[in-house]
Amino acid sequence: EDKVVQSPLSLVVHEGDTVTLNCSYEVTNFRSLLWYKQEKKAPTFLFMLTSSGIEKKSGRLSSILDKKELSSILNITATQTGDSAIYLCAVGSYGGSQGNLIFGKGTKLSVKP
Amino acid sequence: DAGITQSPRHKVTETGTPVTLRCHQTENHRYMYWYRQDPGHGLRLIHYSYGVKDTDKGEVSDGYSVSRSKTEDFLLTLESATSSQTSVYFCAIRPGLAEETQYFGPGTRLLVL
């Protein structure tokens, strides 16, 4: 059965810290890995990583895909209170189910002033 | 903004009553999804649609039905609501088969008493 596991489930840091969030997956016919940020509302898209694009960066956020280890990390440097959110990892695969995504349970990040 | 609206945004109902949630999009995207989000479970797929009148079950479809009579609307119905269906429901769209990313609506918070 396909699955996506995120760790840690929750994390508390102070402003200015650097954090690393982890996502591992077991999926048949891997196609892509996506990261979302969810504050007190709908998830918003951050990055998509594929075999042809294993590293993405936007400002203080960056993400790397390790296809050998079947995992990805999301790094946030110089954290701010506005980074407090749930970070969701999702994996897409080729083949059936019309390209549905499988989501992990998320990592809840709390950034203290 | 992916042009997705959900209605109602909040609803309180009683056990045994039927409930219909609506997802409306303005971009004529072919693929639409219904998820529920619960603490400790992350996002779980209920049903999805890959075109008008084309729908299929997701991971947690028991107790739910869907309909899509027009491209822009995807309805989720709880035929007889139960307390276990208290949740936050998100609709999502996917711009196309070649585009892996899904974009989420604002969500509907449902409380079944």
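Look a little higher up for the structure.
Residue indices begin from 1 for each chain and proceed along its sequence in written order. Lettering of chains starts at A and numbering of ligands starts at 1, both following the order in which they are written. Totals for whole chains, interfaces and linings use every residue, but because this is a predicted model, local features are given only for residues with pLDDT of at least 70 and side-chain atom pairs only at 80 or more, for both listing and counting. To get the side-chain values, all heavy atoms of the structure are used, and hydrogens and water are removed first.

Engineer: Looking at this model, I keep getting lost on the state of the cysteines. Mind explaining?
Structural biologist: Throughout this description, disulfide means a covalent bond between two cysteine sulfur atoms. Cysteine sulfur atoms that pair up within 2.5 Å are treated as a disulfide. For the structure shown, the criterion picks out 2 disulfides over all chains. The disulfide that involves Cys23 of chain A links it to Cys89 of chain A, with 1.9 Å between the sulfurs. What sets the handedness of the Cys23 of chain A and Cys89 of chain A disulfide is the S-S torsion sign, and at about -70 degrees it is left-handed. In this pair, Cys23 of chain A sits in strand β3 (residues 19–26) while Cys89 of chain A sits in strand β9 (residues 85–93), placing the two residues 66 residues apart along the sequence. Of the two residues, Cys23 of chain A and Cys89 of chain A, both sit in the buried class. Each disulfide pairs two cysteine sulfurs, and for Cys23 of chain B the partner residue is Cys91 of chain B, the sulfurs being separated by 1.9 Å. Taking the torsion about the S-S bond as the criterion, the Cys23 of chain B to Cys91 of chain B disulfide, at about -70 degrees, is left-handed. Taken together, the residues span a long stretch of sequence, with Cys23 of chain B in strand β3 (residues 19–25) and Cys91 of chain B in strand β9 (residues 87–94) at a distance of 68 residues. Think of it in three bands: residues with accessible area under 20% of the maximum for their type are buried, residues over 50% are exposed, and the middle band is partly exposed, with areas taken using a 1.4 Å probe on protein chains only. Here Cys91 of chain B falls in the buried class, since its relative accessible area comes to 0%. Numbering of helices and strands starts at the N terminus; helices are DSSP runs of H or I of at least 4 residues and strands are runs of E of at least 2.

Engineer: Explain the pairing of β3 of chain B here, please?
Structural biologist: Consecutive side chains of a regular strand alternate in pointing toward one face of the sheet and then the other. Residues and elements named next belong to chain B. Side chains Val19, Leu21, Cys23 and Gln25 of β3 all project onto a buried face; the interleaved residues Thr20, Arg22 and His24 project onto a face where none is buried. Two strands qualify as a pair provided that DSSP identifies no fewer than 2 bridges between them. Where strand β1 (residues 4–7) meets β3, 4 bridges bridge the pair, whose relative direction is antiparallel. When the sheet's bridge partners are listed, Thr5 is paired in β3 with His24. Where β3 meets strand β8 (residues 73–78), 6 bridges bridge the pair, whose relative direction is antiparallel. Its bridge partner lying in β8, His24 is registered against Asp73.

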